[in-house]
Amino acid sequence: LNHARGIGSLYRLSMGGGETATVVCDPEIGRRILMNDTHATKSAWAYGFADDACGGDNFFSANGFRWKHVRKSVSPAFSTGRVQRFKDTCDILVKEWMENTLDRPPKKEGDEEDTVVFDVMYEIQRLSIRIICKVGFEYDASEEEIDAIVRSFDHILASQKKMINPMRVL
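Just so it is clear, the model here is predicted, and its values are computed rather than measured.

(A) Representation of the overall build of the chain within the structure. Helix and strand content of the chain: seven helices and two strands. Scanning the chain from its N terminus toward the C terminus, one meets helices and strands in the order α-β-β-α-α-α-α-α-α. Counting over 170 residues, the chain shows a buried share of 15%. Pairs at least 24 apart in sequence give 25% of the contacts found in the chain among residues at least 6 apart.

Right under this line is the structure:
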């Protein structure tokens, strides 16, 4: 109450550990906040990255009517049955990857190739692309297509690094 008298009817209170709480002491401001459709409003701080990455309003950062429309449009894709099919497909593809990458037959003792060595990031990118193609588009991507997508991601990441620091040598 002393803070409200000294600071005003709306202020932020530090809770420790980097956490804060917004305190509202004016009933009219409280009413306006509570009457706002909070389910259709997203924090610009939390979702603003998507605007920057996508060049404007998008699925992640939409608010109000646009958000309701997008949510209604995509919610059937996340029904219990579909999510279970997605999970089953992911399980199958991960098991295949493990068999092909981790469970290679042992080489003869003394061979330099008796251990499995691979680039984790590259393999996870390839696995993720395979899963997205299969689950999201019911498409079995070829090895060449997956490699092309991975190279495209590498190019995009290099471009973003260059934008962050144009003087950086890539």
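Further notes follow.
(B) Structural detail: the packing of helix H5 (residues 80-102) against helix H6 (residues 120-137). Interhelical geometry of H5 versus H6 gives an angle of 145° and a closest axis separation of 10 Å. Considering the relative orientation of H5 and H6, their crossing is right-handed. Every residue of H6 that contacts H5 at Phe86, Thr89, Cys90, Leu93, Val94, Trp97 and Thr101 is listed here: Glu123, Leu127, Arg130, Ile131, Lys134 and Val135. Per-class residue counts for the contact of H5 with H6 are eight nonpolar, two polar and three charged.

(C) Summary view of the pairing of strand E2 (residues 19-24). In the sheet, strand E1 (residues 10-16) pairs with E2 via six bridges, with the strands oriented antiparallel. Note that in E2 the partner of Leu13 across the bridge is Ala21.

(D) Expanded view of unusual backbone geometry. Backbone geometry at Glu138 places phi at a positive 50°, although glycine is not the residue there. As for its position among the elements, Glu138 is in the loop between H6 and helix H7 (143-164). For Glu138, a relative accessible area of 70% translates into the label exposed.

(E) Inspection of a nonpolar patch on the surface at higher detail. A cluster of nonpolar side chains, namely Ile132, Phe137 and Tyr139, defines an oily patch on the protein surface of about 350 Å² accessible area. Among the secondary structure elements, Ile132 is positioned in helix H6.

(F) Structural detail: the pattern of salt bridges. Inspection of every chain in the model, using the stated rule, returns five salt bridges. Of the charged contacts in the structure, one is a salt bridge between Asp140 and Lys134, with a shortest N-O distance of 3.2 Å. By relative accessible area, which is 57% here, Asp140 ends up exposed. Residue classification places Lys134 among the partly exposed residues on the basis of a relative accessible area of 31%. Each of Arg126, Arg130, Glu143 and Asp147 takes part in a single network of salt bridges with overlapping partners.

Criteria and thresholds
Residues numbered from 1 in each chain as written. Predicted model: local features only at pLDDT ≥ 70, side-chain atom pairs only at ≥ 80, totals over all residues. Heavy atoms only, no water. Helix = DSSP H or I, 4+ residues; strand = E, 2+ residues; numbered from the N terminus. Buried < 20%, exposed > 50% of the residue type's maximum accessible area, 1.4 Å probe, protein only. Contact = heavy atoms within 4.5 Å. Axes fitted to C-alpha atoms, helices over the stretch in contact; angles between N-to-C directions. Left-handed = near helix turned anticlockwise from the far one by under 90°. Nonpolar A, V, L, I, M, F, W, Y, C, P; charged D, E, K, R; others polar. Pairing = 2+ DSSP bridges. Patch = residues over 30% accessible without salt bridge, like charges linked within 9 Å, V, L, I, M, F, W, Y side chains within 5 Å. Areas by Shrake-Rupley, 256 points an atom, 1.4 Å probe, with all protein chains shown as cover. Salt bridge = Lys/Arg side-chain N within 4 Å of Asp/Glu carboxyl O.

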